[in-house]
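These are the residues of each chain, in order.
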Amino acid sequence: MVLNPGDPAPDFSLPDGKGNLVRLSDLKGQRVILYFYPRDNTPGCTKEACGFRDAYAQFQAQGIVILGISTDDAKSHEKFTNKFQLPFPLLSDAEGQVATTYGCYGLKKFMGKEYMGITRTTFIIDSDGRIEKVYKKVKPESHAEEVLAELA
């Protein structure tokens, strides 16, 4: 599935690192940054998460909710959140179903090996629950700053 600006954001319900269910439809009326990333505690994913952490107050000042999604389990998310003091929820999409629905789960290649996984992608969802912008081929080091600059 390919989601484009203007499309309704598919609803989902996923557990965070503490086991609380987060439902996208419960956030209607707020803008949401929904970023999909491959793995907790890997170099690029850590840079991306810490970038959102460092700019969190600026996103919050605009009333924007940040949600990270990977296939890691809740325990891994809790450790990653605590280790890097992330102030936003990381959601566990263990089977990759939500990532598949959003079109960012599929065959990847790394060091000559092929495997299934999440492709780093970010969606901005407007207050009406529609896709506002899609970022593909994200550069983790500068992504939060890029998003913040475009939303300001």
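Presented here is a report on the structure given in the accompanying data block. Predicted model, so just to flag it, every value in this text is computed and none were measured.

With that settled, the discussion passes to helix H3 (residues 74-84). Residues of H3 that are buried: Ser76, His77, Phe80, Thr81 and Phe84. The buried residues of H3 occupy an angular sector of 130° when projected down its axis, which confines them to one face. With respect to the buried face of H3, the exposed residues turned more than 90 degrees away are Lys75, Lys79, Asn82 and Lys83. Residues of H3 that are buried in the fold lie against helix H1 (43-54), strand S4 (64-70) and strand S5 (90-92). Once H3 finishes, glutamine 85 follows within two positions and takes phi at roughly 50°, a positive value.

With that settled, consider the nonpolar core. Counting 24 residues, the largest nonpolar core has Ile33, Tyr35, Phe52, Phe59, Ile66 and Phe88 as its most contacted members. Put simply, the parts of the chain that give this core at least two residues each are strand S3 (31-36), H1, helix H2 (56-61), S4, H3 and helix H5 (143-151). Sequence-distant contacts of phenylalanine 59, defined by excluding residues within four places in its chain, comprise Ile33, Phe52, Ile64, Ile66, Ala144, Val147, Leu148 and Leu151. Leu3, Phe36, Phe123 and Ile125 belong to the second-largest nonpolar core, a separate cluster that totals 23 residues.

The next point concerns the packing of aromatic side chains. Evaluated as defined, the whole model comprises 11 aromatic pairs. Relative to phenylalanine 88, the ring of tyrosine 35 lies with its centre 6.1 Å away and its plane at 75°, an arrangement referred to as edge-to-face. A residue pair is termed long-range when its members are at least 10 positions apart, and tyrosine 35 in strand S3 and phenylalanine 88 in the loop between H3 and S5 qualify at 53 residues. With respect to burial, tyrosine 35 and phenylalanine 88 carry one shared label: buried. Note on phenylalanine 80 and phenylalanine 84: the rings are 5.5 Å apart at their centroids and 70° apart in plane angle, and the pair reads as edge-to-face. Residue phenylalanine 80 and its partner phenylalanine 84 are both found in helix H3; the two are separated by four residues, about one turn of the helix. For the pair phenylalanine 80 and phenylalanine 84, a shared accessibility class is recorded, and that class is buried. One aromatic cluster in this structure is built from Tyr35, Tyr37, Phe52, Tyr56, Phe59, Phe80, Phe84 and Phe88. Lying over the aromatic face of tyrosine 135, lysine 133 brings its terminal NZ or CZ to 5.1 Å of the ring centre.

A few words on the pairing of S3. Of all the six residues making up S3, five are buried; the element is thus mostly covered by neighbouring parts of the structure. When S3 meets S4, the two strands line up parallel, connected through six bridges. Each residue of the ladder has a partner; that of phenylalanine 36, found in S4, is isoleucine 69. In terms of strand pairing, S3 meets strand S8 (residues 121-125) through five bridges, oriented antiparallel. Pairing of isoleucine 33 across the sheet is with isoleucine 124, part of S8.

Okay, the side chain of histidine 77 next. Of note, histidine 77 is situated in helix H3. For histidine 77, the side chain forms a polar contact with the side chain of tyrosine 37, separated by 3.3 Å. In terms of polar contacts, histidine 77 uses its side chain to reach the backbone carbonyl oxygen of aspartate 72, at 3.5 Å. Contacts of histidine 77, omitting those with residues within four sequence positions, involve Gly17, Tyr37, Asp40, Ser70, Asp72, Leu90, Leu91 and Ser92.

Turning next to the layout of surface pockets. Roughly 300 Å³ of internal volume is contained in the largest pocket. Elements supplying a minimum of two residues to the lining of the largest pocket: strand S6 (105-110) and strand S7 (113-118). Broken down by class, the residue content of the lining of the largest pocket amounts to six nonpolar, two polar and three charged.

Quick notes on the rules
- Residues numbered from 1 in each chain as written.
- Predicted model: local features only at pLDDT ≥ 70, side-chain atom pairs only at ≥ 80, totals over all residues.
- Heavy atoms only, no water.
- Buried < 20%, exposed > 50% of the residue type's maximum accessible area, 1.4 Å probe, protein only.
- Helix = DSSP H or I, 4+ residues; strand = E, 2+ residues; numbered from the N terminus.
- Arc of directions from axis to C-beta.
- Contact = heavy atoms within 4.5 Å.
- Core = buried A, V, L, I, M, F, W, Y, C linked by side-chain atoms within 4.5 Å.
- Phe/Tyr/Trp six-rings, centres within 6.5 Å; stacked < 30°, edge-to-face > 60°.
- Lys NZ or Arg CZ within 6 Å of the ring centre and 35° of its normal.
- Pairing = 2+ DSSP bridges.
- Polar contact = N/O pair within 3.5 Å; in protein donor to acceptor, adjacent residues only side chain to side chain.
- 1 Å grid on protein atoms, 1.4 Å probe; cavity = no way out; pocket = protein on both sides within 12 Å on 5 of 7 lines; lining within 4 Å.
- Points joined across faces, edges and corners; volume = space filled by probe spheres on them.
- Nonpolar A, V, L, I, M, F, W, Y, C, P; charged D, E, K, R; others polar.

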